[in-house]
Amino acid sequence: MTVLKRTKNTCRWLDPEKGLKLRSCSKPALIVVKLASNGASWSYNVRTSIKLPKGSYRATVYGLDKAGNLGNTAAKAKRIVTFRIR
């Protein structure tokens, strides 16, 4: 999974240990998230020590197979979630 806060020409990716980090828009910071036992849902909680600034964010989910291949063939609406912090 990746979490992105984009403003004009910069991208800030969520690092689960350090919060938002400025990085190239083409080099996301990956976060490991495990599916629920039913394989149909997932969730991610940001550490309470990390304060995300107000604004719009985009979370994108990817799959990782046993061979180590990363990707997602799901429709865009099912792999990307946008949310806002007020």
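Our subject is the structure that appears above.
Note that the structure is a prediction, hence the values are computed from the model and not measured.

S.K.: Just to check I follow, could you spell out the packing of aromatic side chains for this structure?
M.R.: A ring pair, where both rings are aromatic, is described by two values, the distance of the centres and the angle of the planes. Evaluated as defined, the whole model comprises 1 aromatic pair. Ring centres of Tyr57 and Phe83 lie 5.4 Å apart, and the angle between their planes is 10 degrees; this geometry places the pair in the stacked category. Here Phe83 lies in strand E7 (residues 80-85) and Tyr57 lies in strand E4 (residues 55-60), a separation of 26 residues in the sequence. Since its relative accessible area comes to 2%, Tyr57 is described here as buried.

S.K.: Quick question: what am I supposed to make of the sheet that holds strand E1 (residues 2-7) here?
M.R.: Picture the strands of a sheet paired through backbone hydrogen bonds; they go either parallel or antiparallel. Overall, antiparallel pairing links the 5 strands, which are arranged E3-E2-E1-E4-E7 in an open sheet. Here the strands that pair on one side only, and so sit at the sheet edges, are strand E3 (19-23) and E7. Strand-to-strand twist in this sheet, taken as the mean axis angle between neighbours without regard to direction, amounts to 30 degrees.

S.K.: Explain the side chain of Thr2 to me, please; I cannot follow it from the model alone.
M.R.: Within the secondary structure, Thr2 sits in strand E1. Residues within four places of Thr2 in sequence aside, it is in contact with Trp13, Pro28, Ala29, Leu30, Arg58, Ala59, Thr60 and Tyr62.

S.K.: Explain the nonpolar core to me, please; I cannot follow it from the model alone.
M.R.: One recurring pattern in soluble globular proteins: nonpolar side chains tend to sit buried together. In this structure, Met1, Val3, Leu14, Leu20, Ile31, Ile50, Leu52, Tyr57 and Ala59 together form the largest nonpolar core, which totals 9 residues. Leaving out residues up to four positions away in the same chain, Met1 has contacts with Ala29, Leu30, Ile31, Val33, Trp42, Tyr44, Thr60, Val61 and Tyr62.

S.K.: Got a minute to help me understand the environment of Lys78 in this structure?
M.R.: Positionally, Lys78 belongs in helix H1 (residues 76-79). For Lys78, a relative accessible area of 71% translates into the label exposed. Considered as a pair, Lys78 and Ala67 are 11 residues apart in the sequence and their alpha carbons are 23 Å apart.

How each quantity is defined
- Positions within a chain are numbered from 1, following the residues in the order the chain's sequence is written.
- With pLDDT at 70 or above as the cut-off, local features in this predicted model cover only qualifying residues; side-chain atom pairs require 80 or more to be listed or tallied, and sums for whole chains, interfaces and linings still use all residues.
- Side-chain numbers come from the whole structure's heavy atoms, not from hydrogens or water.
- Side-chain rings of Phe, Tyr and Trp, where Trp is taken by its six-membered ring, are said to pair if the distance between their centres is within 6.5 Å; with planes under 30 degrees apart they count as stacked, over 60 as edge-to-face, and otherwise as tilted.
- Numbering goes from the N terminus for both helices and strands, where a helix is a DSSP run of H or I of at least four residues and a strand is a run of E of at least two.
- Throughout this description, buried means an accessible area under 20% of the type-specific maximum (1.4 Å probe, protein chains only), exposed means over 50%, and partly exposed covers the range between.
- By this definition, two strands are paired if DSSP reports at least two bridges between them.
- Throughout, an axis means a line fitted to C-alpha atoms (over the contacting stretch in the case of helices), and angles, computed between N-to-C directions, take values from 0 to 180 degrees.
- Two residues form a contact once any of their heavy atoms are found within 4.5 Å.
- By nonpolar core is meant a set of buried Ala, Val, Leu, Ile, Met, Phe, Trp, Tyr and Cys residues that side-chain atoms within 4.5 Å join together.

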